There are 2 protein chains.
Amino acid sequence: MWNLWMRRALALAALAEGRTSPNPLVGAVVLNREGRLVGEGFHARSGEPHAEVGALAQAGTAAAGGTLIVTLEPCCHHGRTPPCSRAVLQAGVARVVVALEDPDPRVAGGGIAQLRKAGVVVITGVLRQEAAEQNRAFLHRVRTGRPWGVLKWAMGLDGRTALPNGTSQWISGADSRRWVHQLRAGCDAVIVGGGTVRADDPLLTSRGRRDPEPLRVVLSRGLDLPAEAQLWDTASAATLVAHGPEAAGKQAPNGPERLELEQCEPLPLMQHLAARGCNQVLWECGSELAAAAIRQGCVQEVAAVLAPKLMGGVAARTPLGELGFTAMDQVLCGQLLPPRPIGDDWLLSLRLGG
Amino acid sequence: MWNLWMRRALALAALAEGRTSPNPLVGAVVLNREGRLVGEGFHARSGEPHAEVGALAQAGTAAAGGTLIVTLEPCCHHGRTPPCSRAVLQAGVARVVVALEDPDPRVAGGGIAQLRKAGVVVITGVLRQEAAEQNRAFLHRVRTGRPWGVLKWAMGLDGRTALPNGTSQWISGADSRRWVHQLRAGCDAVIVGGGTVRADDPLLTSRGRRDPEPLRVVLSRGLDLPAEAQLWDTASAATLVAHGPEAAGKQAPNGPERLELEQCEPLPLMQHLAARGCNQVLWECGSELAAAAIRQGCVQEVAAVLAPKLMGGVAARTPLGELGFTAMDQVLCGQLLPPRPIGDDWLLSLRLGG
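This one's a predicted model, so the numbers in the text were calculated from it and none came from an experiment.

**Student:** Report on the pattern of salt bridges, specifying residues and quantitative values.
**Tutor:** Applying the stated criterion across every chain yields a total of 32 salt bridges over all chains. Measuring nitrogen to oxygen at the nearest pair gives 3.1 Å for the salt bridge that ties Glu 284 of chain A to Lys 152 of chain A. Linking Glu 284 of chain A in the loop between strand S11 (280–283) and helix H10 (287–295) with Lys 152 of chain A in strand S6 (residues 148–156), this pair joins segments that are 132 residues apart in sequence. The partner of Arg 128 of chain B in a salt bridge is Glu 101 of chain B, and the shortest N-O contact between them spans 3.1 Å. In this pair, Arg 128 of chain B sits in helix H5 (residues 128–134) while Glu 101 of chain B sits in the loop between strand S4 (95–100) and helix H4 (110–117), placing the two residues 27 residues apart along the sequence. Among the ionic contacts, a cluster of salt bridges with common partners joins Glu 133, Arg 136, Glu 301 and Arg 351 of chain A.

**Student:** Residues and numbers for the relation of the copies chain A and chain B, please.
**Tutor:** For the pair chain A and chain B, the best superposition has an RMSD of 0.0 Å and corresponds to a rotation of 180° with a translation of 0.0 Å parallel to the axis. With respect to symmetry, the two chain copies, as superposed, fit the operation of a two-fold axis. Scanning chain A for the C-alpha nearest the rotation axis identifies Gly 159 of chain A, at a separation of 1.9 Å. Both copies present the same face, since 100% of the interface residues in chain A are matched by interface residues at the equivalent positions in chain B.

**Student:** I'd like a rundown of the interface of chain A and chain B, residues and numbers included.
**Tutor:** Each partner contributes to the interface: chain A provides 51 residues, whereas chain B provides 51 residues. Among the residues chain A hides against chain B, the three largest losses belong to Leu 157, Leu 310 and Met 328 of chain A. Together they make up 21% of the total. The tally of links from chain A across to chain B stands at zero salt bridges. Applying the counting rule to chain A against chain B returns twelve residue pairs in polar contact (both at pLDDT 80 or more). Contributions of two or more residues to the side of chain A that touches chain B are made by S6, H10, strand S12 (301–307), strand S13 (309–310), strand S14 (332–333), strand S15 (335–336) and strand S17 (345–351) of chain A. In terms of residue count, the dominant contributor to the side of chain A that touches chain B is S12 of chain A (four residues).

**Student:** Requested: an account of the UniProt feature "domain: CMP/dCMP-type deaminase" (unreviewed entry) in chain A, with residues and values cited.
**Tutor:** Under the present numbering, the feature "domain: CMP/dCMP-type deaminase" (unreviewed entry) in UniProt falls on residues 1–123 of chain A. Span residues 1–123 of chain A is 30% helix and 21% strand, its end C-alpha atoms 11 Å apart.

**Student:** Give me the sheet that holds S4 of chain B: which residues, what numbers.
**Tutor:** Residue and element names in this part refer to chain B. An order of S2-S1-S3-S4-S5 is seen for the five strands of this open sheet, with the pairing classed as mixed. Either end of the sheet is taken by a strand with one partner, and the two such strands are strand S2 (37–42) and strand S5 (121–124). Each adjacent strand pair in this sheet contributes to an overall mean axis angle of 15°, direction not counted. Pairing analysis gives five bridges linking strand S1 (residues 27–31) to S2, with the strands arranged antiparallel. In the strand pairing of S2, Ala 28 is matched with Gly 41. Sheet contacts for helix H1 (residues 3–14): S1, S2, strand S3 (67–72) and S4; angle to S1, the most-contacted strand, approximately 140°.

**Student:** Give me the UniProt feature "binding site: substrate" (unreviewed entry) in chain A: which residues, what numbers.
**Tutor:** Mapped onto this numbering, the UniProt entry annotates "binding site: substrate" (unreviewed entry) at Ser 168, Arg 184, Leu 204, Arg 207 and Glu 284 of chain A. Relative to the helices and strands, Ser 168 of chain A is located in the loop between S6 and helix H7 (174–185). Apart from the residues within four sequence positions on either side, Ser 168 of chain A is in contact with Thr 161, Ala 162 and Arg 317 of chain A together with Met 328 of chain B. Relative to the helices and strands, Leu 204 of chain A resides in the loop between helix H8 (194–200) and strand S8 (215–219). For Leu 204 of chain A, a relative accessible area of 4% corresponds to the buried category. Ignoring anything within four residues of it in the chain, the contact list for Leu 204 of chain A reads Arg 184, Val 190, Val 192, Arg 216, Leu 231 and Glu 284 of chain A.

**Student:** Run through the environment of Thr 61 of chain A, naming residues and quoting values.
**Tutor:** For Thr 61 of chain A, the position within the fold is in the loop between helix H2 (51–59) and strand S3 (67–72). The sequence separation of Thr 61 of chain A and Gly 173 of chain A amounts to 112 residues, and the corresponding C-alpha distance is 53 Å.

**Student:** Before we move on, could you go through the environment of Lys 250 of chain B and cite the residues and values that matter?
**Tutor:** Residue and element names in this part refer to chain B. Summarising the element assignment, Lys 250 is placed in the loop between strand S9 (239–243) and strand S10 (257–260). With a relative accessible area of 44%, Lys 250 lands in the partly exposed category. Here the alpha-carbon distance between Lys 250 and Asp 211, two residues 39 residues apart in the chain, equals 32 Å. The residues contacting Lys 250, other than those within four sequence positions of it, are Gly 222, Leu 223 and Arg 258.

**Student:** Break down the packing of helix H2 (residues 51–59) of chain B against helix H3 (residues 84–91) of chain B for me, citing the residues and quoting the values.
**Tutor:** Residue and element names in this part refer to chain B. Close contact between H2 and H3 brings their axes to 9 Å; oriented N to C, the two are set at 20°. Taken together, H2 and H3 sit at an angle that is classed as roughly parallel. Considering only the axes of H2 and H3, their crossing is left-handed. Each of Glu 52, Val 53 and Leu 56 in H2 lies in contact with H3, whose residues at this interface are Cys 84, Ala 87, Val 88 and Ala 91.

**Student:** Account for the sheet that holds strand S1 (residues 27–31) of chain A, naming residues and giving values.
**Tutor:** Residues and elements named next belong to chain A. Taken together, five strands build an open sheet; the order of strands is S2-S1-S3-S4-S5 and the sheet is mixed. Both outer strands of the open sheet, strand S2 (37–42) and strand S5 (121–124), are each paired with one neighbouring strand and no more. Here the strands of the sheet are splayed against their neighbours by 15° on average, with no regard to which way each runs.

**Student:** For the nonpolar core, give the residues involved together with the corresponding values.
**Tutor:** Soluble, globular proteins show a tendency: their nonpolar side chains are buried together. Grouped together as the largest cluster of nonpolar side chains are 90 residues, with contacts concentrated most on Leu 273 and Trp 283 of chain A together with Leu 273 and Trp 283 of chain B. Not counting residues within four places of it along the chain, the set of residues in contact with Leu 273 of chain B comprises Pro 147, Ala 189, Ile 191, Leu 215, Val 217, Leu 240, Cys 278 and Val 281 of chain B. In this structure, Trp 2, Ala 59, Ile 69 and Val 120 of chain A belong to the second largest nonpolar core, which totals 36 residues.

**Student:** Account for the environment of Thr 239 of chain A, naming residues and giving values.
**Tutor:** All names here are of chain A. Its location among the elements puts Thr 239 in strand S9 (residues 239–243). Judged by its relative accessible area of 2%, Thr 239 is buried. As for Thr 239 and Val 218, which are separated by 21 residues in sequence, their C-alpha atoms are 7.7 Å apart. Not counting the four nearest positions on each side in its chain, Thr 239 is found in contact with Leu 215, Arg 216, Leu 231, Trp 232, Thr 234, Pro 256 and Glu 257. A polar contact of 2.7 Å, which involves the side chain of Thr 239, links it to the backbone oxygen of Leu 231.

**Student:** Describe the domain arrangement of chain A, naming the residues involved and giving the relevant values.
**Tutor:** All names here are of chain A. Split into domains, chain A comes out as domain 1 (1–139) and domain 2 (145–352). The gap between the C-alpha centroids of domain 1 and domain 2 is 34 Å. Domain 1 puts ten residues into the contact, and the matching count from domain 2 is twelve residues. Roughly 890 Å² of surface becomes buried between domain 1 and domain 2 when both sides are summed, with 39% attributable to carbon and sulfur atoms. For the pair domain 1 and domain 2, the interface holds two salt bridges. Glu 133 is the salt-bridge partner of Arg 351, the closest N and O atoms lying 2.8 Å from each other. Inspection of the domain 1/domain 2 interface yields seven residue pairs in polar contact (both at pLDDT 80 or more). Ranked by residue count, the leading element in the side of domain 1 that touches domain 2 is helix H6 (residues 136–144), at three residues.

Calculation rules
Residues numbered from 1 in each chain as written. Chains lettered and ligands numbered in written order. Predicted model: local features only at pLDDT ≥ 70, side-chain atom pairs only at ≥ 80, totals over all residues. Heavy atoms only, no water. Salt bridge = Lys/Arg side-chain N within 4 Å of Asp/Glu carboxyl O. Helix = DSSP H or I, 4+ residues; strand = E, 2+ residues; numbered from the N terminus. Least-squares fit on C-alpha atoms with pLDDT ≥ 70 in both. Contact = heavy atoms within 4.5 Å. Buried area = accessible area lost by both parts, 1.4 Å probe. Polar contact = N/O pair within 3.5 Å; in protein donor to acceptor, adjacent residues only side chain to side chain. UniProt positions renumbered as here; feature names shortened; annotations may be inferred. Pairing = 2+ DSSP bridges. Axes fitted to C-alpha atoms, helices over the stretch in contact; angles between N-to-C directions. Buried < 20%, exposed > 50% of the residue type's maximum accessible area, 1.4 Å probe, protein only. Parallel < 35°, antiparallel > 145°, perpendicular 65-115°, else oblique. Left-handed = near helix turned anticlockwise from the far one by under 90°. Core = buried A, V, L, I, M, F, W, Y, C linked by side-chain atoms within 4.5 Å. Domains from an automatic or database assignment.

Structure representation (structure tokens):
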């Protein structure tokens, strides 16, 4: 009976998609004693009120004896804002309906326990799967210490990402390229290698769809980067140039932040970005870095934009480099989500799992 | 008002899909004077009665003053069976509803003209597009002198058709492999190159879904073929080995029919197969022959089975060889039909046009 209201709470949570990191997406709905809607709220971004608090504030005294429906377990710890469990008790709701327990070790069932101890009826697991899907990036980061990685590429039907002479603009259509801006807006960082900077001089922003723009990251072994590049202009978006110890003595471009990793590899970069609060990152790199990211478990999802084109070419680039497989039972298997049309292209999403 | 009955006629026609070559698919429905269904028929295979004749026979005297709804213009020439236009006149129908004019130069509007001259009301163009889609292979052969070519491959999401060491069994799932048998059953011939025979020793049959099995064709420049191969056993399905003049003096395998083409290329093979009555052929070849078939306009449709897998590998095979493109405005563009799930795989159909 709570599914409908939980669906509404999930829809509210989704309004802030890509903007709450390092926090999860949360939506909440308050019903009064008679079951009528009296408050709604969602967590808009880190540092701003939690969803429950906003919804209870909207409800005011009407919340007393009523029901709070919330997509994630109310927190019970002081972060940048006071614990939500306290606000819930103060509002005097009789019942709390929760989709998903918060895996954050500071919460992890503590919020629910506190409410129950105070005599509030707590129902859990309502649309748990949908809530976990919505917060997959947050959950993955909390569980693994690494952001959820999305690897994006555009290809023709014959799996080519460039012509034999390297030409790759444009494989996908204008609608798909706008969709990529939207995809970036849902990510906390966008990552390329030095080769992509040298070949394409990309901008890598969401074109204003996200504020602030996602952090643009260049992972460069040798720091052999061009002196001029769009990424070095950090007026509209921040850029991080990460390298390994071998480039410690080399000069980095002027403008971007510089980061020396213990190794110039995807995994230590992911750990750094998670510590910085990134829930989800987007890999927009070439085939070699993409293959390394996959080998190191830094890709949870592939978003391949398929253009209705045949490009051909024995030496034409393909999306991935060497993964080291010699038998079909070794290859990476995932689940293809139902393809989605974007203009004349189709989006193929492969979920590799968390 | 005729669309519903024409849809029924198209559904009847589809019952013989892949079995009528060199003839088209045709379905027919007869309504009596009051508009009630009194006869149905479809063309089952070459040499058997045409759809109209079957439907009129079923209707008997009830056809007089009634309506014949038929997916293709009734023929007006003696082929293996007498002209249908005569049967229509003899049945005394008052009205004939036709989806599509027959492009066969022996008909080409002549059937319709004959009916009108005899005082029958003829309505044309009802569901013309659907009828043309259903008979695209027949129409393509009549217009171009070449069969409609379908190029099939199976690949991972990263566009690979084999691992770097050549392993390719199996990329697609069991459901997709059964679907390929069904695809073959809709084709008059299945074509591979010598390399596929040497590497995979394929059977290339519909596993009994079509009787007779499609003609299995090997296009081999040098006739350097294995002495033993499943294709050389022609007990259950015929095999044709085609080669160019350079292999004229060489020995071909025992069992299959042998054909010397003026050139060992896809186009002369297509002309031969069209002359033999093939409306639709399936290319199940490697990347080089596939690219040649595309370059020579012998592929009208790509059927790519996409497996939810990442295979990787710098040297891994891809679906197509060199097409000679150097700029994105040269690449072959088509239309991606809505993807269709087959087990865990997805079928991606690219229509390149007729």
